[in-house]
Amino acid sequence: SPTATVTPTATPTLHPMSILALRQMDYPANEIFIEETLENGPNYFRYYASYRSEGLKIYALLTVPFGEMPLTGWPAIVFNHGYIPPDVYRTTERYIAYVDQLARSGYVVFRIDYRGHDLSEGEASGAYGAPGYTIDVLNAVSALKAFPHVNPESIGMWGHSMGGFLTLRAMV
C-alpha cells in the first residue's frame, strides 16, 4: 500500500497589508512633541505637534481642553482625515469644524498627517496598497497613550473616507 510523505513547508510570508502582519508589529509609545503653539480655540489649546512612526517624524494638529484635567486624564480621539492630495495637504487646514466640535466637547484631538503629507517625513504611499498610513495611525494611538494629558483607557478614533478605512483597519 502507498505511504504518504509529509514535506515540511516554509513559514508563509505575510503580506505587509495583512491584519496578522500588522498585529505582529510593535508600536512603541513615542513622545508627542509640541512644535508650535497655535491660536487657542474657544475652550481648548491648539498645537502643531509631532511624533515618530517607523523612525519618521509625523506632524499633527493637537488640541487639549482648558480647565482642570480629570484625575485619569482627558478622553482622546485620533482623527484620521480623508484623501487630500499630499502635495496640497496642510496640517492646519480642512476638517476645522469637525476638530472644533470634538475639542469643544472636552476631547484631546490628535488630527494626524500621514507620511509624506505637508512636512511629515516619508513617502505618501496611499492607504489601500501599502501599510504605512495604518502604521502611522497605530503609532499615533501609542503616542497618545503615553501623553500625560490623556486617559490611555479612553482613546477613540474618527475617520472620514480614506480615514474611515484607516480607522477600521487600525481598530481590527
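Heads up: the structure comes first, above all this text.
This structure is a prediction, so every number in the text was calculated from the model and none was measured. (Residues numbered from 1 in each chain as written. Predicted model: local features only at pLDDT ≥ 70, side-chain atom pairs only at ≥ 80, totals over all residues. Heavy atoms only, no water.)

Participant: Can you walk me through the overall build of the protein in this structure?
Facilitator: Of the regular secondary structure elements, the protein holds 4 helices and 6 strands. Tracing the protein from N to C terminus, the helices and strands come up as α-β-β-β-β-α-β-α-β-α. If one aligns the C-alpha atoms of the protein with their principal axes, the spans along those axes are about 80 × 40 × 25 Å. In the protein, which comprises 172 residues, the proportion classed as buried is 46%. The long-range share in the protein, meaning contacts at least 24 apart out of those at least 6 apart in sequence, stands at 64%. For the protein, the computed accessible surface area is about 9,200 Å², with 55% contributed by carbon and sulfur atoms. (Helix = DSSP H or I, 4+ residues; strand = E, 2+ residues; numbered from the N terminus. Buried < 20%, exposed > 50% of the residue type's maximum accessible area, 1.4 Å probe, protein only. Contact = heavy atoms within 4.5 Å. Areas by Shrake-Rupley, 256 points an atom, 1.4 Å probe, with all protein chains shown as cover.)

Participant: Looking at this model, I keep getting lost on helix 4 (residues 162-171). Mind explaining?
Facilitator: Residues that lie three or four places apart on an α-helix share one face, since the helix turns once every 3.6 residues. For helix 4, the tally of buried residues reaches 7 of 10 residues, placing the bulk of the element in the interior. Within the sequence span of helix 4, burial applies to M162, G163, G164, L166, T167, R169 and A170. Where helix 4 is buried, its residues contact helix 1 (19-23), strand 4 (74-80), helix 3 (132-146) and strand 6 (150-159).

Participant: Could you clarify how one ought to interpret the sheet that holds strand 6 in this entry?
Facilitator: Strand pairing in a sheet takes place through backbone hydrogen bonds and is either antiparallel or parallel in direction. Across the sheet, which stays open at both edges, the 6 strands sit in the order 1-2-3-5-4-6 with mixed pairing between neighbours. The strands lining the two open edges of the sheet, one partner per strand, are strand 1 (33-38) and strand 6. Direction aside, the axes of adjacent strands within the sheet are offset by 25 degrees on average. Where strand 4 lies against strand 6, 6 bridges are found, and the strand directions are parallel. (Pairing = 2+ DSSP bridges. Axes fitted to C-alpha atoms, helices over the stretch in contact; angles between N-to-C directions.)

Geometric values such as these leave the question of function open.
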